[in-house]
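Geometric and topological summary
Each chain, letter by letter, is given below.
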Amino acid sequence: MAKARIGLVGLAVMGANLALNIAEKGFPVAVHNRTTQRIDDLMAAAGDLAANLVPAQTPEALVAALAKPRAIILMVKAGAAVDAVIGQLAPLLDPGDILIDAGNANFHDTRRREKALADQGLSFIGMGVSGGEEGARHGPSIMVGGKPESYAVIRDIVEAIAARYKGDPCAAHLGPDGAGHFVKTVHNGIEYADMQMIAEVYGLLRDGEHRNPADIGKLFAEWNGGPLHSYLVEISAKVLAAKDAATGNPMVEMILDKAGQKGTGRWSVIEALGLGQSASTIEAAVGARSWSALKPARLAGAEILAAAEPSGREAHAVLDGDLERALLAAKIVAYAQGFALLDAASQEYGWDLDLARIAEIWREGCIIRSAMLDDMARAARDGLPHGQLIFAPEFAQKLSAASNALRRTVAAAALKGLPVPAFSAALAYFDTMRRGRGTTDLIQAQRDFFGAHGFERIDGGAGHHGPWGGKRTG
Ligand code: 6PG
């Protein structure tokens, strides 16, 4: 058989589906997995596609099966496993060969690996892949970072396997070294915020309005036909409609309210803070998952801490129409904070990220795909005033129109004693960004009082001190 165009190591769900996708698009792909049973399983399940799969029982066999320059996708668990596989493969490769990490890597690791492999004459691509199992099989969104000349070697394959938006592949080379994995991390950060906001709506309707899951699911299904049209709203509707076969209860009610997280949401927040930003809606979502893990403490808290008064539902009813607009407004803020984070990182690392292209490749295939992304791409192409998506005319208008619904929703939630951390963060950001004069004049005065840190005066000049002496206390 002719040599395979590309190799793939790691045949768990994502890797196996990606291999089938590549094979289906007509590219011979050599596949390897440490536990070789998975290779046999994939070959057995591949049907006609097996003709384009080359099973390789060892790393040596994988390398021998590949045309040069060799390109090998790694789809293994992020972290130490990636270093282990690289350690195995690198000595078998020749200068110019390319390793492609398609997992959810921390972009700092990607930068480190890229440098280390460059010293050995090898290329490294950090490639974010979004879309879950279904996406991997039939078309994910693909965010590539690395050297353009390395990407050129695999571009035809990447574009062939990616999702398409009106014919345009949802795949792009976005910048050097860790750029692709950073963009994927922020994608996941936005995903966390989006999921949290949807869950907050669910909580307001369940606990504030005593609506059942099926009913809430119907509402989401309706919203999915309007401006909130998105994959996450669509699947939330389906999830809420589902029944548990064992009990007949709504499935969602049989699921323990403790959310897992593998790291990408948290990394978004850490990177935002490190860059002097605050992706507060993402932080709220990460924090909400962390708090959810404190299940025994929350059960105890229900007995210890005071409930909200008044808690009457009539007094502060949350209206469906308000909720729809509130979700739209909060979602715009979450995406805007994500784009601001991408922009800040782009400047810090010299990546020259094209925010519009990023929005474009998120229009299909990925988990946060939504009707808004096409408009966001257009807004980013036109240039974001002050780097802010929320100032782009279309979004400023949408956000302003929906802001009072968000305000009423957050107020009603507070009065009912229902936590809406992501909605609250979105509203606080909106209200901060529309006030020319904030309250950090007092913070500056306090800093100067206890630490003689100095301040700028509104009538000019920096390094001023107040009449309090600027002395340290205590
Ligand atoms: C995607 C998803 C995918 C995965 C994340 C979520 O874009 O396809 O984001 O990458 O579901 O790992 O991770 P958590 O386990 O942290 O929610």
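Preceding this section is the structure that the text describes.
Residues numbered from 1 in each chain as written. Predicted model: local features only at pLDDT ≥ 70, side-chain atom pairs only at ≥ 80, totals over all residues. Heavy atoms only, no water.

Overview of the overall build of the protein chain
So the rule is basically this: The way it works is that DSSP assigns letters per residue, a run of H or I at least four long becomes a helix, a run of E at least two long becomes a strand, and they are numbered from the N terminus. All radius of gyration figures rest on C-alpha atoms, and the globule criterion is 2.2 Å times the number of residues raised to 0.38. Exposed residues in this analysis have more than 50% of their type's maximum accessible area, buried residues have under 20%, and partly exposed residues fall in between, with area computed by a 1.4 Å probe over protein chains only. We call two residues in contact whenever any of their non-hydrogen atoms come within 4.5 Å of each other. Each accessible area value is a Shrake-Rupley result obtained with a 1.4 Å probe; residue values ignore everything except the protein chains displayed when judging cover. Lys and Arg are tallied as positive, Asp and Glu as negative. Neither His nor the chain termini are counted. Think of each charge as sitting on NZ of Lys, CZ of Arg, CG of Asp or CD of Glu.
Helix and strand counts for the protein chain stand at 19 helices and 10 strands. Since a compact globule built from 474 residues should have a radius of gyration of about 23 Å, the 25 Å found for the protein chain is in line with a globular shape. In terms of overall dimensions, the protein chain has C-alpha extents of about 80 × 65 × 45 Å along its principal axes. Looking at the protein chain as a whole, 52% of its 474 residues are labelled buried. Partitioning the contacts of the protein chain with sequence separation of at least 6, the portion at a separation of at least 24 is 68%. For the protein chain, the computed accessible surface area is about 21,400 Å², with 55% contributed by carbon and sulfur atoms. Both charge centroids of the protein chain, one from 48 positive and one from 53 negative side chains, sit 2 Å from each other.

With respect to the packing of aromatic side chains
This is how it is decided: Here a pair means two rings of Phe, Tyr or Trp (six-membered ring of Trp) with centres within 6.5 Å. Their orientation is stacked below 30 degrees between planes, edge-to-face above 60, and tilted elsewhere.
As enumerated under the stated definition, the model contains nine aromatic pairs in all. Taken together, a centroid distance of 6.4 Å and an interplanar angle of 55° make the contact between F455 and W468 tilted. A residue pair is termed long-range when its members are at least 10 positions apart, and F455 in the segment after helix 19 (440-451) and W468 in the segment after helix 19 qualify at 13 residues. For F455, a relative accessible area of 16% corresponds to the buried category.

Concerning the site of the ligand
Put simply, the test is: Definition of nearness: a residue and a molecule or strand are near each other if at least one heavy atom of the residue lies within 4 Å of the molecule or strand. As used in this structure description, the phrase polar contact means that two N or O atoms lie within 3.5 Å; if the pair is within protein, one of them must be able to donate a hydrogen and the other to accept it, and residues adjacent in sequence are counted only when both atoms belong to side chains. Three classes are used, and their members are as follows: Ala, Val, Leu, Ile, Met, Phe, Trp, Tyr, Cys and Pro are nonpolar, Asp, Glu, Lys and Arg are charged, and the others, Gly among them, are polar.
By nearness alone, 13 residues border the ligand, and N104, S130, E191, Y192 and K262 come closest of all. Within the backbone of G131, one N or O atom sits 2.9 Å away from an oxygen atom of the ligand. Here K262 contributes a backbone N or O atom positioned 2.7 Å from an oxygen atom of the ligand. For the ligand, the protein covers 80% of the area, taking 410 Å² as the surface of the free molecule. Tallying contributions element by element places helix 8 (residues 179-209) first for the shell around the ligand, with five residues. By residue class, the composition of the shell around the ligand is two nonpolar, seven polar and four charged.

Here's the deal with the packing of helix 14 (residues 320-349) against helix 16 (residues 372-382)
Quick reminder of the rule: For helices, the fitted line uses only the C-alpha atoms of the stretch in contact; every axis is such a line through C-alpha atoms, and the angle between N-to-C directions lies from 0 to 180 degrees. Roughly parallel means an angle under 35 degrees; roughly antiparallel means over 145; roughly perpendicular covers 65 to 115; every other angle is labelled oblique. Each helix crossing is assigned a hand: it is left-handed if the near helix lies turned anticlockwise from the far helix by less than a right angle, otherwise right-handed if that turn is clockwise.
With their axes 12 Å apart at the nearest point, helix 14 and helix 16 run at an angle of 45° to one another. Classed by the angle they form, the pair helix 14 and helix 16 counts as oblique. The handedness of the crossing between helix 14 and helix 16 comes out as right-handed. Of the residues in helix 16, those in contact with L328, K331, I332, Y335 and F339 of helix 14 are M372, L373 and M376. Class assignment for the residues of the contact of helix 14 with helix 16 results in seven nonpolar, no polar and one charged.

Comments concerning the sheet that holds strand 4 (residues 71-74)
Rules: Pairing between two strands is assigned when DSSP locates at least 2 bridges connecting them.
The strand order across the open sheet formed by eight strands is 3-2-1-4-5-6-7-10, and the pairing between neighbours is mixed. This sheet does not close on itself; its edge strands, each paired only once, are strand 3 (53-55) and strand 10 (171-175). On average, adjacent strands in this sheet sit at an angle of 25° to one another, irrespective of strand direction. The strands touched by helix 8 are strand 5 (98-101), strand 6 (123-130), strand 7 (141-145) and strand 10; relative to strand 6, the strand with the most contacts, the crossing angle is about 20°.

So, unusual backbone geometry
Residue P69 is bonded to the preceding K68 through a cis peptide linkage, with omega at -10°. Here P69 is to be found in the loop between helix 3 (59-64) and strand 4. The residue H210 is not glycine, and still its phi comes out positive at about 55°. Non-glycine residue D352 carries a positive phi angle of around 55°. Among the structural elements, D352 can be located in the loop between helix 14 and helix 15 (355-361). With a relative accessible area of 69%, D352 lands in the exposed category.

Things to note about the packing of helix 8 against helix 18 (residues 421-433)
Packing of helix 8 against helix 18 leaves a shortest axis separation of 8 Å and a crossing angle of 115°. By the angle class used here, helix 8 and helix 18 are roughly perpendicular. On the side of helix 8, the interface is formed by Q196, M197, E200 and V201, while helix 18 contributes P421, A422 and F423. Counted by class, the contact of helix 8 with helix 18 contains five nonpolar, one polar and one charged residues.

Describing the nonpolar core
Our working rule: Here, nonpolar core means buried Ala, Val, Leu, Ile, Met, Phe, Trp, Tyr and Cys residues that are tied together by side-chain atoms lying within 4.5 Å of each other. The split into domains, and so the bounds of each, comes from an automatic or database assignment of domains.
Counting 92 residues, the largest nonpolar core has F339, L342, W362 and F423 as the members making the most contacts within it. The biggest single contributor to this core is helix 14, with 16 residues. The residue makeup of this core includes at least three contributed by each of domain 1 (6-177) and domain 2 (185-433). Excluding its chain neighbours within four sequence positions, the residues that come into contact with L342 are F182, V183, V186, L353, L355, I358 and W362.

Considering the state of the cysteines
Note on terminology: a disulfide is the covalent bond linking the sulfur atoms of two cysteines. Counted only if it meets this: Throughout, a disulfide means two cysteine sulfur atoms within 2.5 Å of one another.
Inspection of the entire model under this criterion finds zero disulfides. In this structure C170 is not part of a disulfide, and its nearest cysteine sulfur, from C366, lies 7.5 Å away. On the basis of relative accessibility, which here comes to 0%, the residue C170 falls in the buried class. Relative accessible area serves as the criterion here: at 0%, C366 is assigned to the buried category.

Looking at the pairing of strand 7
Burial analysis of strand 7 places five of its five residues in the buried class, which makes it a mostly covered element. Alternating positions in strand 7 separate into two faces, S141, M143 and G145 on one and I142 and V144 on the other, with burial throughout. Two elements, strand 6 and strand 7, share five bridges in a ladder whose sense is antiparallel. Looking at strand 7, one finds that G128 is bridged to M143. Relative to strand 10, strand 7 is paired through four bridges, and the arrangement is parallel. Paired with M143 across the strands is A172, a residue of strand 10.

Let's talk about the pattern of salt bridges
For the record, the criterion: Just to be clear on terms, a salt bridge is a Lys or Arg side-chain nitrogen sitting within 4 Å of an Asp or Glu carboxyl oxygen.
Scanning the entire structure with this criterion turns up 38 salt bridges. The residue D83 makes a salt bridge to R113 at a minimum N-O spacing of 2.9 Å. Placement of the pair is D83 in helix 4 (residues 80-89) and R113 in helix 5 (residues 107-119), with a sequence separation of 30 residues. For D83, a relative accessible area of 30% puts it in the partly exposed group. With a shortest N-O distance of 3.4 Å, E360 and R381 are connected by a salt bridge. Placement of the pair is E360 in helix 15 and R381 in helix 16, with a sequence separation of 21 residues. On the basis of relative accessible area, E360 is assigned to the buried category, the value being 13%. Since its relative accessible area comes to 46%, R381 is described here as partly exposed.

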